[in-house]
Amino acid sequence: GAARGKTRDADPSDDRQEAPANRKSLGELFTESDAFKSWRPSMRESDPFVVDLAAKFGKSAASRGVKALFDTATGYAPQAMRLPEAVVPGSEVASVASLMNEGRTSSNSISYMEETTTTSGAVEVTEGAAKGESTLALTEKTSAVRTIATHLPITNQALEDVPMIESYIDSRLRLFVKLRENSQLLNGNGVAPNLLGILATPGIQTQAKGADPTPDAFYRAGNKVRIGSFFEPTDAVVHPNDWTDVRLLRTVDGIYIWGSPADAGPERIWGWNVLVTASEPEGTGLVGAFRAGFQIFRRSEVSMQIGWINDQFTKNQKTILVEERLALVAFRPSAACLVTGI
């Protein structure tokens, strides 16, 4: 019993004697420190302000709450703000189809008659003399309806959980199809499944730039359209780099011919509208009476469909398909003239 009544002398270095301090928060220990109590409003920011928790309250109190730095990298990162819509890059908006009339078809090809031989026999005659004979020859031509399409696989979760994703994908895929349409209407080689584009159509005229300034070469090309097809040219198609050279033309005293740099400037040449598009091969230009000499026939407009392919059903996936079907008819190829060597 006597042994149980004995007490052990307290060891000031023993952390087990720190119970009163251990029950206090780090903030309470700080406000009770001598350094805090000695603080004066007149103290400068450079004056030392040290709180030695270990000396006053023991080692365990000094180490409380200071084991590791809690920051956004190793601790709890803040949530990033995400805007509800995607910001898409800019893209060309020029439309080659806008230069031509458009029609509809329910067939997979367009058959039409092209006037291939024209001989006028109209002459003045005397009384009783034989009249001159004219010759007209028509040749049947066929333009096949072609399909331009693209598709994109996507998960069901993306379609269902992101409200804007379907309209975003639809608009982007439609744009891709239209950009390909631009290229096909100008450059298609006619070998299935390609359209026969204007530049590859037999019978279009050509005009070499040679030593002429570019505007002069375009005027000469327009004159060939007048003579070769008897249609008045209405539009020109130019690559952006080639149009830049025209837009920056200056007189010998430095005056810009196509207007002040402070203004957008007219995208016209010799009174014709200019369509600036990267689909036109660089170094060339096209002048034409496109509405009179050519026409687009659409079997179907650009449309979007959603469905499954292969094993997508078991993977919670779908495919978004965007496509169009159209044909290009060249009634009078000579209504277009290609300028070369720009």
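Analysis parameters
- The residue numbers shown here count from 1 along each chain, following its written sequence.
- Only residues with pLDDT of at least 70 are given local features in this predicted model, and only at 80 or more are side-chain atom pairs given and counted; all residues enter the totals for whole chains, interfaces and linings.
- By convention in this description, side-chain values take in all heavy atoms of the structure and omit both hydrogens and water.
- A 1.4 Å probe that fits but cannot get out identifies a cavity on a 1 Å grid over protein atoms alone, an open set with protein on both sides within 12 Å along at least five of seven lines counts as a pocket, and a residue lines either if it has an atom within 4 Å of a point.
- Grid points are joined across faces, edges and corners, and a volume is the space filled by probe spheres set on the points.
- Only DSSP runs of H or I covering at least 4 residues are called helices, and only runs of E covering at least 2 are called strands; the numbering of each starts at the N terminus.
- Classification convention: Asp, Glu, Lys, Arg as charged; Ala, Val, Leu, Ile, Met, Phe, Trp, Tyr, Cys, Pro as nonpolar; all other residues, Gly among them, as polar.
- A helix is expected to reach a length of 1.5 Å times the quantity of its residues less one.
- Any two residues whose heavy atoms approach within 4.5 Å at even a single point are treated as in contact.
- Exposure classes here rest on a 1.4 Å probe applied to the protein chains alone. A residue is buried below 20% of its type maximum, exposed above 50%, and partly exposed in between.
- Arc definition: it is the arc formed by the directions from the helix axis to the C-beta atoms.

A. Spatial organisation of the layout of surface pockets. Space inside the largest pocket adds up to approximately 290 Å³. If you trace the largest pocket, you find 18 residues lining it, with Y112, T142, S143, L196 and L328 closest to the centre. Those elements that provide at least two residues to the lining of the largest pocket are β2 (109-119), β3 (135-144) and β11 (317-330). Residue contributions to the lining of the largest pocket peak at four residues, all from β3. Residue composition of the lining of the largest pocket, by class: 10 nonpolar, five polar and three charged. The space that makes up the second largest pocket amounts to roughly 190 Å³.

B. Here's a closer look at helix α8 (residues 165-187). Spanning 23 residues, α8 covers 33 Å between terminal C-alpha atoms, matching the ideal 33 Å at 1.5 Å per step. Considering only its buried residues, α8 is in contact with β4 (146-155), α7 (156-161), β6 (235-238), β9 (285-288), β10 (294-307) and β11.

C. Broad picture of helix α9 (residues 214-229). The end-to-end C-alpha distance of α9, which contains 16 residues, comes to 23 Å, matching closely the 22 Å that a straight helix rising 1.5 Å per residue would cover. Looking at α9, one finds that the buried residues are T214, P215, A217, F218, A221, G222, V225 and S229. The buried residues of α9 occupy an angular sector of 160° when projected down its axis, which confines them to one face.

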